[in-house]
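Listed here are the chains, written in short residue letters.
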Amino acid sequence: MHPVDYYSSYTKNCTGEFTKEEVRNIRAFYYAMCAETDAMLGEIISALQNTGLLGKTIVIFTADHGELAMEHRQFYKMSMYEGSSHVPLLVMGPGLREQHQIPNVVSLVDIYPTMLDIARIPVPQNLSGYSLIPLLREKTESKVSPTGPRPSWVLSEFHGCNVNSSVYMLRIGKWKYITYSDGSSVLPQLFDLTADPDELTNLAMKFPVTVHSLDKILRSIVNYPKVSSSVQEYNKQQFVSWKQSLGHNYSSVIANLRWHQDWLKDQKKYENAIEKWLGK
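Residues numbered from 1 in each chain as written. Predicted model: local features only at pLDDT ≥ 70, side-chain atom pairs only at ≥ 80, totals over all residues. Heavy atoms only, no water.

By the naming in an unreviewed UniProt entry, the chain is Arylsulfatase K, taken from Lonchura striata. In its Sequence similarities (unreviewed entry) section, UniProt records this for the chain: "Belongs to the sulfatase family." Among the UniProt annotations of the chain, the heading Cofactor (unreviewed entry) holds the following wording: "Ca(2+)". (UniProt positions renumbered as here; feature names shortened; annotations may be inferred.)

Trainee: Even after reading the chapter, I still don't get the environment of D64, so can you show me in this structure?
Mentor: On the secondary structure map, D64 appears in the loop between β1 (59–62) and β2 (68–69). Linking D64 and L108, residues 44 residues apart in sequence, is a C-alpha distance of 7.7 Å. If sequence neighbours within four positions are ignored, D64 has contacts with V87 and L108. (Helix = DSSP H or I, 4+ residues; strand = E, 2+ residues; numbered from the N terminus. Contact = heavy atoms within 4.5 Å.)

Trainee: Can you help me understand the confidence of the model for the chain in this one?
Mentor: Close inspection of predicted coordinates is inappropriate for parts of the model with low pLDDT. On average, the chain scores 90 in pLDDT, and the residues at 70 or more come to 95%. In the model of the chain, helix α6 (residues 141–144) stands out as the element of lowest mean pLDDT, 49, in contrast to strand β8 (residues 189–192), which has the highest, 98. (pLDDT = per-residue confidence, 0-100.)

Trainee: Mind showing me how you'd approach the packing of aromatic side chains here?
Mentor: Note on aromatic pairs: each is described by the distance of the centres and the angle between the planes. Under the counting rule described, the total for this entry stands at 11 aromatic pairs. Between Y30 and Y31 the ring centres are 5.7 Å apart and the planes differ by 65°, which places this aromatic pair in the edge-to-face class. Residue classification places Y30 among the partly exposed positions, given a relative accessible area of 30%. Grouped by ring-pair contacts, the aromatic residues F239, W242, Y250 and W277 constitute a single cluster. The cationic tip of K243 hangs over the ring face of Y250; the distance from NZ or CZ to the ring centre is 5.0 Å. (Phe/Tyr/Trp six-rings, centres within 6.5 Å; stacked < 30°, edge-to-face > 60°. Buried < 20%, exposed > 50% of the residue type's maximum accessible area, 1.4 Å probe, protein only. Lys NZ or Arg CZ within 6 Å of the ring centre and 35° of its normal.)

Here it is, written out as structure tokens:
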């Protein structure tokens, strides 16, 4: 396993063995959530239809993240694998073609300028996203967007819990490039999503030229080693402040936090690891 995958599985309590019943329940919970969401969306569309508003309403259906259902031995989100980072995005409304699938990679940062465009509000020049309306209505985007043509890539980054490292994902064409922290202390990942949609084969070592090219693009978008360093320093400062506010009680508090029931199995070991992390 990739070291970040192992860490994520461990902190999500997914490293043990699962019975057939547990696997069945995991899948049932996921499908139940999908069914409930589908029913709720149906109620909204029915209400628009019953009030005569459906013909002049644009509906955007999306999500903030996917829900890993034990892909790569993980639950939940906080991952750059497709099960977590690839979200649904469906749009319906007047002037839009039915059953039309757009091949371009797009991002959730595109939603805000899209809604401004729908409302005929000028889109600010400094936004990261691009309106989806030209794609939906098949206009020449470079002539429509005030910020020029849409880039061929999308970027995602995550600095939160269950990863223990800042993580950055660049998606361009068939490639997905994932890099961690400063780009060198943890191995990167490269997946060919056309040949390997389940992301089971890391090609980073096999295609170093592609990795270098994608990393160069990523660094032109965000200085990720510098960002990662700032995140690490911030995390340490915030942890020290939190630890000091609790005094000697901090360890017992950790043992009762979500996902951390293993803490008391070797409490001293983990406390020493924290002191080492803090540089003491």
